[in-house]
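The chain contents come next:
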Amino acid sequence: MRVTNLMITRGMLGNIMTNKADMNKKYEQYATRQKIQNPSDDPVVAIRALKYRSNLSELEQYRTKNVEDAASWMDATESALTNMNDLLTELYDKCVAGASDTYETIDRDSMEQSLLNSKEEIYRSMNADNAGRYLFSGYRTNTSVCYTKDDSSKKYTITETLSFQNLYEKTYVKGGATYDTNKTAEDYKKEAPTTDKAYVLDLGYKDLAALNKLTVTDKNGAEVTFTIATKNSTDADCYTAGTNTVNFIADTGQIVISDDLYEAFRTAKSVVAEYDKTNFKTGDVRPEMYYDCTSVELDSTGNPKVDTQKTYTKPEDQDIKYDVNFGQQLKVNVLANETINSSYARAIDNILDALNDAYNTQSEIDNANLLMSDSNKSPDEIAALSTLKEQLETELTLKKSILRESFASAQTATKNAQNGTKVPYINENGETEIKKISVSIATTSIGSRSARLKMIQTRLEDLKINFTDLRDTNEVVDLEEAVVNYTAAQTAYNAALNAAGRMVQNSLLDLSLIHI
């Protein structure tokens with residue numbers, strides 16, 4: 001076979017270029033410590049690199065953003081619940097003291113302010129937020145649970161489910177003496193105050209506009225029929241319901257059941273009230289956070305505006321979840337209606353009502369004493385005022401007893417708010433069932449989820465180390481190996497140059513002269 005100079009030159013140049021390319025590749029690995037510079041260098045390494053880098057990017061999102069946000073949310077929630085529990089404990093202690101007090105003097109302003117402050121602080125805790133998002137509002141994170149200022153711009157039609165669990169016996173003062181300049185001692189003797197009891201259901205709010213419907217379904221599914229009489233707390237017969245009658249006391253938000261209807265309510269399959277509420281006060285819970293309801297905006301005259309109606313469904317299963325790991329989510333929120341309801345607040349309202357009743361009677365006694373000190377009064381007038389005072393003192397004794405009972409009821413309601421309040425709801429079969437909510441249950445739940453998040457956070461740190469090692473093993477060249485490989489490639493390249501130099505020194509003419 002004939003070998004020409006051109007063939008030899010091409011072979012030499014090919015070998016030189018091959019060794020030079022290999023040396024350049026080893027140089028780039030040595031200089032960058034990366035196995036490949038382009039995906040075409042090694043597609044398998046390139047594909048693995050993309051996968052590992054993607055995994056690390058997701059891990060970084062989970063570890064430094066999602067998990068931290070979730071931890072911040074749950075820490076804020078746990079802090080709010082702890083504060084709420086401390087306030088309930090403080091309120092419970094006040095109720096214990098109130099239930100055993102003799103009330104020699106009634107300092108209404110001090111007691112009222114103390115109770116109101118505790119109540120408002122609890123609701124303020126329910127308005128806790130994290131980075132501007134309200135913690136207990138479910139998906140409505142831009143809406144507070146409680147009103148932060150008075151609001152009369154809307155009318156709500158609220159549907160509230162009640163149950164026999166909410167029914168209680170209320171003691172109230174019946175009769176009593178009232179001052180009249182024309183009354184004699186004998187007249188006042190006929191006005192002796194007594195106590196009586198009534199079966200009462202508290203609705204979620206006071207100062208209601210109207211009770212639209214009260215639907216009671218018996219155990220057989222038939223609707224119980226009765227008459228609804230609208231009353232005010234100033235009416236003497238507000239707690240005395242007639243036969244087959246339910247009294248609706250608008251200003252106190254109470255339903256009084258007649259004795260003959262007691263059994264029907266006790267065994268009812270469901271009890272549902274629909275009522276209207278306007279003029280919400282600071283600290284009142286928003287109806288959409290606890291009940292099925294509709295709202296409509298009101299104009300300056302109190303009439304509904306056109307096309308402003310909104311329908312709300314009671315928040316349930318409004319879980320705010322964070323992606324905290326590959327294919328793993330964690331719920332971070334607690335709903336207000338899973339924590340506390342209005343029962344303890346209504347119990348506080350009942351204390352305040354009883355406190356005002358006792359205070360007003362005490363004021364009437366003070367007024368009678370003032371009248372008796374008038375030297376211009378006749379003996380008969382003095383005798384009449386003395387009898388009036390005796391009756392009022394009897395009435396005050398009865399009202400103090402009711403005040404203590406109110407404190408005892410609030411004591412129970414407050415303890416239930418901490419450890420478990422029974423809340424009625426209508427199941428899919430239209431039957432009333434009871435579930436338990438409490439601050440303690442909510443605190444335990446959020447605490448267990450926080451502990452789980454810490455475990456996930458530790459796992460993410462381990463995953464980051466593992467994926468970083470896998471990425472480096474796939475992409476990064478060992479420095480010692482890179483030095484050895486580059487040195488070997490450089491030696492091979494220099495050898496190719498040296499061999500080529502020796503080869504090109506000989507020509508065909510040189511070879512022919514050798515033969516001559």
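The shown structure was predicted, so the numbers you read here are calculated from the model rather than taken from an experiment.

Here five strands make up an open sheet; going across it, the order is β6-β10-β3-β11-β12 and the pairing antiparallel. Each edge of the sheet is formed by a strand with only one pairing partner; in this case those strands are β6 (210-217) and β12 (310-312). Between one strand and the next, the sheet's axes are offset by a mean angle of 15 degrees, whatever the strand orientation. Relative to strand β10 (residues 270-277), strand β3 (residues 154-162) is paired through seven bridges, and the arrangement is antiparallel.

Time to look at the environment of N220. Inspection of the secondary structure puts N220 in the loop between β6 and β7 (227-231). Assessed through its relative accessible area of 68%, N220 is described here as exposed. For the pair N220 and A268, spaced 48 residues apart in sequence, the C-alpha to C-alpha distance is 8.9 Å.

Formed by 87 residues in total, the largest nonpolar core has its most connected members in M126, F136, L214, F265, Y290, I340 and Y344. In terms of residue count, helix α2 (residues 43-100) provides more of this core than any other element does, 15 residues in total. Setting aside its immediate chain neighbours within four residues, Y290 contacts M126, V145, V285, K314, P315, A336, N337, I340 and N341. Listed in part, the 10 residues of the second largest apolar core include A358, A384, L385 and L396.

In this description, an aromatic ring pair is defined by two values, namely the gap between the centres and the angle between the planes. In this structure the tally under the stated criterion is 11 aromatic pairs. Seen in terms of ring centroids, Y290 and Y291 are 6.3 Å apart; in terms of plane orientation they differ by 45 degrees. Their pairing is tilted. An aromatic cluster of three or more residues is present, and its members are Y147, Y156, Y205, F280, Y290, Y291 and Y312. In this structure, K277 is placed above the aromatic ring of F280, and the distance from its NZ or CZ to the ring centre is 5.4 Å. One Lys or Arg, R286, reaches over the ring of Y147 and ends 4.4 Å from the middle of that ring.

Okay, the sheet that holds strand β9 (residues 254-257) next. Across the sheet, which stays open at both edges, the five strands sit in the order β4-β5-β9-β8-β7 with mixed pairing between neighbours. Each edge of the sheet is formed by a strand with only one pairing partner; in this case those strands are β4 (168-174) and β7. The mean inter-strand angle of the sheet, taken between neighbouring strand axes irrespective of direction, is 40 degrees. In the packing of helix α7 (residues 379-419) onto the sheet, contacts are made with β4 and β5 (194-202), and the angle to β4 comes to roughly 160 degrees.

This part takes up the packing of helix α6 (residues 343-372) against α7. Between α6 and α7, the shortest axis-to-axis distance is 8 Å and the interhelical angle comes to 165 degrees. The angle between the axes of α6 and α7 places the two elements in the roughly antiparallel class. Pair α6 / α7 crosses with left-handed handedness. Grouping the constituent residues of the contact of α6 with α7 by class yields 21 nonpolar, eight polar and six charged.

Our next topic: the pattern of salt bridges. Going through the model one piece at a time under the given rule, you end up with 16 salt bridges. A salt bridge links E90 to K94, with the shortest nitrogen-to-oxygen separation between them at 3.6 Å. In this pair, E90 and K94 are both assigned in helix α2, four residues apart and thus about one turn of the helix distant. The exposure class assigned to K94 is partly exposed, which follows from its relative accessible area of 24%. As a salt-bridge pair, K305 and E297 come within 4.0 Å of each other at their nearest N and O atoms. Among the residues examined, E297 registers a relative accessible area of 30% and is labelled partly exposed. One connected set of salt bridges, linked through shared partners, spans E60, R63 and E461.

Time to look at the confidence of the model for the protein chain. Predicted confidence across the protein chain gives a mean pLDDT of 85, with 92% of residues reaching 70 or more. Here residues 424-428 is a poorly scored stretch, pLDDT under 50, and it has 19 contacts once near neighbours within four places are set aside; other chains count. A low-confidence stretch, residues 430-434 (pLDDT under 50), is modelled with 24 contacts involving residues beyond four sequence positions or located in other chains.

With that settled, consider the layout of surface pockets. For the second largest pocket, the calculated volume is near 450 Å³. Taken together, 19 residues form the lining of the second largest pocket, with K119, K206, K281, D284 and D349 sitting closest to its centre. Breaking the lining of the second largest pocket down by element, the ones donating at least two residues are α3 (108-126) and α6. Looking at which element gives the most residues to the lining of the second largest pocket, the answer is α3, with four residues. Counted by class, the lining of the second largest pocket contains five nonpolar, five polar and nine charged residues.

Here β9 shows a buried face lined by Q254 and V256 and a second buried face lined by I255 and I257. As consecutive antiparallel partners, strand β8 (residues 245-249) and β9 are separated by four residues, and within that stretch G253 has a phi angle of approximately 65 degrees, a positive value.

Nonpolar side chains collect at one region of the surface, where Y30, L479 and V483 lie side by side and expose about 230 Å² of accessible area between them. Mapped onto the fold, Y30 is located in helix α1 (residues 5-32).

The next subject is the pairing of strand β11 (residues 292-297). Of the pairings in the sheet, the one linking β3 to β11 comprises six bridges and is antiparallel in character. Looking at the pairing, K155 lines up with V296 of β11.

Here the focus is the environment of K154. On the secondary structure map, K154 appears in strand β3. Relative accessible area serves as the criterion here: at 23%, K154 is assigned to the partly exposed category. In sequence terms K154 and T394 are 240 residues apart; their C-alpha atoms lie 44 Å from each other. Here K154 is in contact with K277, T278, S295, V296, E297, L298 and Y312, once residues within four sequence places are set aside.

As a further point, take the packing of α2 against α7. Interaxial distance between α2 and α7 falls to 8 Å at its minimum, and their mutual angle equals 155 degrees. Accordingly, the angle class assigned to the pair α2 and α7 is roughly antiparallel. You can see that α2 and α7 cross each other, and the crossing is left-handed. Residues N85, L88, T89, L91, Y92, K94, C95, V96, G98 and A99 of α2 form the contact with α7, whose participating residues are R404, F407, A408, A410, Q411, T414, K415, A417 and Q418. The residue makeup of the contact of α2 with α7, split by class, is 10 nonpolar, six polar and three charged.

Rules and cut-offs
- Residues numbered from 1 in each chain as written.
- Predicted model: local features only at pLDDT ≥ 70, side-chain atom pairs only at ≥ 80, totals over all residues.
- Heavy atoms only, no water.
- Pairing = 2+ DSSP bridges.
- Helix = DSSP H or I, 4+ residues; strand = E, 2+ residues; numbered from the N terminus.
- Axes fitted to C-alpha atoms, helices over the stretch in contact; angles between N-to-C directions.
- Buried < 20%, exposed > 50% of the residue type's maximum accessible area, 1.4 Å probe, protein only.
- Core = buried A, V, L, I, M, F, W, Y, C linked by side-chain atoms within 4.5 Å.
- Contact = heavy atoms within 4.5 Å.
- Phe/Tyr/Trp six-rings, centres within 6.5 Å; stacked < 30°, edge-to-face > 60°.
- Lys NZ or Arg CZ within 6 Å of the ring centre and 35° of its normal.
- Parallel < 35°, antiparallel > 145°, perpendicular 65-115°, else oblique.
- Left-handed = near helix turned anticlockwise from the far one by under 90°.
- Nonpolar A, V, L, I, M, F, W, Y, C, P; charged D, E, K, R; others polar.
- Salt bridge = Lys/Arg side-chain N within 4 Å of Asp/Glu carboxyl O.
- pLDDT = per-residue confidence, 0-100.
- 1 Å grid on protein atoms, 1.4 Å probe; cavity = no way out; pocket = protein on both sides within 12 Å on 5 of 7 lines; lining within 4 Å.
- Points joined across faces, edges and corners; volume = space filled by probe spheres on them.
- Patch = residues over 30% accessible without salt bridge, like charges linked within 9 Å, V, L, I, M, F, W, Y side chains within 5 Å.
- Areas by Shrake-Rupley, 256 points an atom, 1.4 Å probe, with all protein chains shown as cover.

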